[in-house]
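Chain and residue survey
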Amino acid sequence: MTLRTLILILLTTSAVLSQEIDSSGIVNPFSNKPAIADSILADTLAVDSAMIADSLKKDSDIDAVVFAQASDSLSFDVTGKKMLVYGNGSIKYKKSELESGKILANFVTNELEAEGIKDTSDTTGTKLAQTPVLTEGSQQYEGKRLRYNFKTQRGFISLARNNEETQSYRGNKVKKVAKDTYFIEDGIYTTCDADTPHTHFSALRMKVIQNDKIFAHWIFMHIANIPLPIPIPFGVFPNESGRRSGIIVPTFGTDNFRGQYFRNFGYYFALSDYYDATLKGSYYMRGGYGTELSARYKKRYDFEGNLFFSYENKKVGSEYDTEEYYSRDYELRVKHNQRFNPTSSLAVNLTFATGSNYRNTSTDYEQIYKQNITSNATFSKRFEELGANLTVNYSRNQDLQSGDIRETLPSVSFNLNTFKPFQGKNTDPRNMEWYEYISMSYNNRLRNTRDKIDGNLKIKNGFQQNLSMSASPKIGYVSISPSVNYTESWNPQYTTKQMMKFETVDSNNNIVPYDSLVTNKVDAITAARTFNLSVGASTKIYGMWQPQAFGIEAFRHTLSPSVSYNYRPDFSDPFWGYYNEYVDADGNIVEYSKYEDELYNSVSSGENQSIRFSLGNIFEMKTMKSKTDTSDTEDKIRLLTLDAGVSYNFASDFRKLSDLSVSYNTQIGQKLNLRASTRYTFYNTVEGTQLNEYLSETGRGLLRITNFTFYLSTTLAGSEDKDETRTGVDERIPDDDEGSLAPEENVEEEYYYNGQNIRPNFSIPWNLSLSYNYSLGMTDPREQYHSERQNVSLNASLNLTKNWNFKVSSGFDFVNHEVTAPALTIYRDLHCWEMNMTWNPLGAYRGFRFNLRLKASQLRDLKVEKNSGRFTGR
């Protein structure tokens, strides 16, 4: 737009809008001009340079569309080339926008001047309204008076302030000297969003570089407007949103056993929007050090994962201390998830660690008392046309107490989905022939295991495939389910045993013969083929009672009886060739399986001809609809589930009748969950020895309980507070829309409750979880053969106010009469500060942690911290 274009447009509107041009034709920019008729509102000018021909000789420096708007008037001085915008005025040019009660634009010097107007509601006449607000991109500046050159983008603001999402700075005078650089006199910097900041930093001089840093000279920290007595000569504050590389400030402290230390000194690498890394180290003055490396990466819809490695060389005590000891602990965690296409994916979750790592380095009870580590890596592929799945898996289980490691490397399985080979494509399911009910399934697995038990490495491998055929026709109300299962196992070795005679020399040099069992491994690929047959029948019987009273419409009882017959031959018979025998030193014949020490050793001995009876019961209730509320709906509530089962093996020589098992499950009002199970035996037991005689034969009744377990749990919570805004809600930051890493997620969170590093959720006023466990085992009715466990656990959270949160977790062992793992956490939201205290009063890992710090991630190292016990140096 040329200067002539703008002049002509403004002249066109000046007859209506202009009221205050003096006799010389010069606008008085800051006269106390009253507002004119309210009907003249929001006059907007936006004209392209092509609309009016250029009649001036000299063009202006304006090279884009200019928008001007006012609720009162727009006045233009043709001779002086000045424009006055009055009353809620604004001028927009490119990415810059200025809003103010009075704005004077000088198109000769390319300068803007703005200030507020008198507040008509103020009786004293000293307050101003509509003060200048300058917006440039994402930056916004407010002040009392402004002078700005839109060509050089330099200017001056009095009593100015800048507010961003997480921080603000202000000063008596602000001078813009470059596009992104400001100088501030008597400046204030704060991360508190209160009108009167609870905490701020003041400085005589400040330099602000947008999206980079804030430099300050002679800084005083103010708390509740009271300055601390000792200033900081020089400071640098971050002024950049999103992730950024930088130094991680260490924490300092003293450990009673390891001396003075500094921890977690390192550097954060913001390598790109899709991956980052953190490197940290710790050092203890009495000896010992630690290092930690973590990295993350993510690309939405493709893959994501992280890597974590830590190593700690720990020394406790000194050379003169009787409790001196050393330990070396490490932990490596790898997580990766990737979807190659809709039918192929890879999921990796691996953890490798020393057995003492968590006990020596963690503050989390769950990790400290962890018994084992399980790792898995799985690649899966689905073949939709074949209806099949291929899975390749690596698994590892490490016992942290014994150090035993069990690995499967690899396990390759192929599964063919269940299909009906004799069913026609257009067959009506309601009119199927008997053979069309037959379904088949097939799967196989190739495995290689590496087990390190007590320091001894054992490697086993093998191949197994299974083929199943079943059907499910119905005869009236009874479902019949015959099935045949065939299993074929291939092993690369088998075992032979033989008693052999040897000679030895005793202390008198006499030759003494003795017998010894010699076990050999024969390398030969052989197969073991087994099968079993079964047929079952089941039905459902319904009972209904409709009281139609007390809000209850009906009760329903579903009875599900079933009976099945199972047959498996005796594969230890010489006919099958899977068992051999030898004569022991006493002349007894001992049978053994050739595959007892192989990977697939499931060739069972003894014939099985068993019949099993089971009975399922479901008790339900249905509530009535409200007759007055049309939106009310009926509810179906399951009151109790009760299942029982027992079997009888005709081919067994010992205890043909199995134990009777009964299980119970109920959930009352979605709040109380109850589970229980019992086992009963029909046979006699003497001093822990099971006998093959019925209790009824000894006059001791029909059956006796041998095991009882009971579990009761409930979770109660106050409803979410939807009217009151609470400031301490969980502040974990989600991933952004592009699938890259979250902008501030690199900040290490230092608040723990039962290992969870999140702030409490203040939207729920209170929460209570209770659980009770009881188990009793009785191999013999006498007391010395009892085993009993009984404990209760509690987790409670209470928000006394919108800023106070209390959490308690504990338990009690009724058998050992001791409290288990008590912990108390207190959290206080202090607006821009927060306080957290965790206390574990009892046990080997007792201690406490107190932390008071600023919330803002930019100032997270300004804190007061005190640790003791298990929290010290970790």
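Residues numbered from 1 in each chain as written. Predicted model: local features only at pLDDT ≥ 70, side-chain atom pairs only at ≥ 80, totals over all residues. Heavy atoms only, no water.

As for the overall build of the protein
Just so we agree on the cut-off: Helix and strand definitions here come from DSSP, where helices need a minimum of 4 consecutive H or I residues and strands a minimum of 2 consecutive E residues; each element is numbered from the N-terminal end. Buried, partly exposed and exposed residues are distinguished by accessible area as a fraction of the type maximum, computed with a 1.4 Å probe on protein chains only: under 20%, between the cut-offs, and over 50%, respectively. All accessibility values rest on the Shrake-Rupley procedure with a 1.4 Å probe; residue burial counts only the protein chains present in the view.
Counting its secondary structure elements, the protein contains three helices and 52 strands. Within the protein, buried positions represent 36% of all 874 residues. Accessible area for the protein stands at about 49600 Å²; split by element, carbon and sulfur atoms hold 54% of it.

Observations concerning the pairing of strand β13 (residues 168–178)
Rules: In this analysis, strands are considered paired if DSSP registers two or more bridges between them.
The pairing of β13 with strand β14 (residues 181–190) spans eight bridges and is antiparallel. Directly across from Lys 175, in β14, lies its bridge partner Phe 183. With antiparallel pairing between neighbouring strands as the criterion, β13 and β14 make up a hairpin whose turn holds two residues.

Looking at the pattern of salt bridges
Applicable threshold: A carboxyl oxygen of Asp or Glu within 4 Å of a side-chain nitrogen of Lys or Arg is what we treat as a salt bridge.
Here the structure, examined in full by the defined rule, presents 18 salt bridges. For the salt bridge of Glu 331 with Arg 333, the shortest nitrogen-to-oxygen distance reads 2.9 Å. Residue Arg 556 is joined to Glu 620 by a salt bridge in which the shortest nitrogen-to-oxygen separation is 3.0 Å. Placement of the pair is Arg 556 in strand β36 (residues 552–568) and Glu 620 in strand β39 (residues 608–623), with a sequence separation of 64 residues. According to the relative accessible area criterion, Arg 556 is partly exposed, its value standing at 34%. Residues participating in the shared-partner salt-bridge network are Lys 460, Lys 521, Asp 597 and Glu 598.

Overview of unusual backbone geometry
Here the bond from Leu 409 into Pro 410 is cis, since omega is -10°, no more than 30 degrees from zero. The residue Pro 410 is located in strand β29 (residues 405–419) in this model. With phi around 70°, Tyr 301 is a residue other than glycine that occupies positive phi space. Given the relative accessible area of 73%, Tyr 301 is considered exposed.

Re the environment of Asn 397
Definition in use: We call two residues contacting when some pair of their heavy atoms lies within 4.5 Å. For the purposes of these results, a polar contact is taken to be a pair of N or O atoms within 3.5 Å, where, inside protein, one atom must be able to donate a hydrogen and its partner to accept one; residues adjacent in sequence count only when each atom of the pair is a side-chain atom.
Here Asn 397 is to be found in strand β28 (residues 388–399). For Asn 397, a relative accessible area of 30% gives the class partly exposed. Between the alpha carbons of Asn 397 and Thr 408 there is a distance of 9.1 Å; along the sequence they are 11 residues apart. Here Asn 397 is in contact with Asn 372, Ile 373, Thr 374, Asp 404, Ile 405 and Arg 406, once residues within four sequence places are set aside. A distance of 3.3 Å separates a polar atom in the side chain of Asn 397 from a polar atom in the side chain of Thr 374.

With respect to the packing of aromatic side chains
When we look at a pair of aromatic rings, we describe it by the centre distance and by the angle of the planes. As a reminder, the rule being used: Pairing of aromatic rings covers Phe, Tyr and the six-membered ring of Trp, with a centre-to-centre limit of 6.5 Å; geometry is then stacked below 30 degrees between planes, edge-to-face above 60, and tilted otherwise. In this scheme, Lys NZ or Arg CZ marks a charge over a ring once it lies within 6 Å of the ring centre and within 35 degrees of the ring normal.
Under the defined criterion, the tally for this structure stands at 21 aromatic pairs. With a centroid separation of 6.3 Å and 45° between ring planes, the pair formed by Tyr 289 and Tyr 311 is classed as tilted. On the criterion of sequence distance, the pair formed by Tyr 289 in strand β23 (residues 288–299) and Tyr 311 in strand β24 (residues 303–316) is long-range, its members being 22 residues apart. Sitting above the plane of the Phe 383 ring, Lys 381 keeps its charged end 5.9 Å from the centroid.

Here's the deal with the environment of Val 108
As for its placement among the helices and strands, Val 108 is situated in the loop between β5 (96–106) and β6 (111–115). When its relative accessible area of 55% is taken as the criterion, Val 108 is described as exposed. Those residues in contact with Val 108 that lie beyond four places of it in its chain are Gly 80 and Lys 81.

Examining a nonpolar patch on the surface
Cut-off, in case you're wondering: Within this analysis, patches are made of residues with over 30% relative accessible area and no salt bridge. Like charges are joined at 9 Å or less; nonpolar side chains (Val, Leu, Ile, Met, Phe, Trp, Tyr) at 5 Å or less.
A cluster of nonpolar side chains, namely Ile 247, Phe 265, Tyr 267, Phe 269, Leu 271, Tyr 274, Tyr 275, Leu 279, Leu 293, Phe 309 and Tyr 330, defines an oily patch on the protein surface of about 1000 Å² accessible area. Of all the secondary-structure elements, those providing two or more residues to the nonpolar patch are β21 (259–269) and β22 (275–284). Top contributing element to the nonpolar patch by residue count: β21, with three residues. Mapping Ile 247 onto the fold places it in strand β19 (residues 246–248).

Section: the nonpolar core
Rules: In plain words, nonpolar cores are sets of buried Ala, Val, Leu, Ile, Met, Phe, Trp, Tyr and Cys residues tied together by side-chain atoms within 4.5 Å.
Ranked by size, the top nonpolar core spans 40 residues in total, and within it Met 83, Ile 91, Leu 112, Tyr 169, Tyr 189, Met 206 and Phe 237 carry the most contacts. Formed by seven residues, the second largest nonpolar core is a distinct cluster that contains Tyr 494, Phe 571, Tyr 579 and Val 603.

Re the side chain of Asn 444
The topology assignment puts Asn 444 in strand β30 (residues 439–453). Overall, the relative accessible area of 14% leaves Asn 444 in the buried class. A polar contact of 3.0 Å, which involves the side chain of Asn 444, links it to the side chain of Tyr 442. Setting aside residues no more than four positions away along its own chain, Asn 444 makes contact with Val 412, Ser 413, Phe 414, Phe 463, Gln 464 and Gln 465.

Some remarks on the confidence of the model for the protein
Detailed reading of the predicted model is not advised wherever pLDDT is low. Counted only if it meets this: Per-residue confidence from the prediction method is given by pLDDT, with values spanning 0 to 100.
Across the protein, the average pLDDT comes to 79, with 80% of residues at or above 70. Taken as a whole, residues 728–737 scores under 50 in pLDDT and shows 27 contacts with residues more than four places along the chain or in a different chain. For residues 743–758, every residue scores under 50 in pLDDT, and the model assigns this stretch 53 contacts once sequence neighbours within four places are set aside.

Quick word on the environment of Lys 314
Residue placement: Lys 314 occurs in strand β24. In the structure, Lys 314 is positioned 26 residues away from Gly 288 in sequence and 4.7 Å away in space, judged by C-alpha atoms.

Quick word on the state of the cysteines
Note the following rule: We call a pair of cysteine sulfur atoms a disulfide whenever their separation is within 2.5 Å.
Per the stated rule, a full pass over the model turns up zero disulfides. For Cys 192, which is in no disulfide, the shortest distance to another cysteine sulfur is to Cys 832 and amounts to 3.7 Å. Of the residues examined, Cys 192 reaches a relative accessible area of 5% and is grouped as buried. Among the residues examined, Cys 832 registers a relative accessible area of 6% and is labelled buried.

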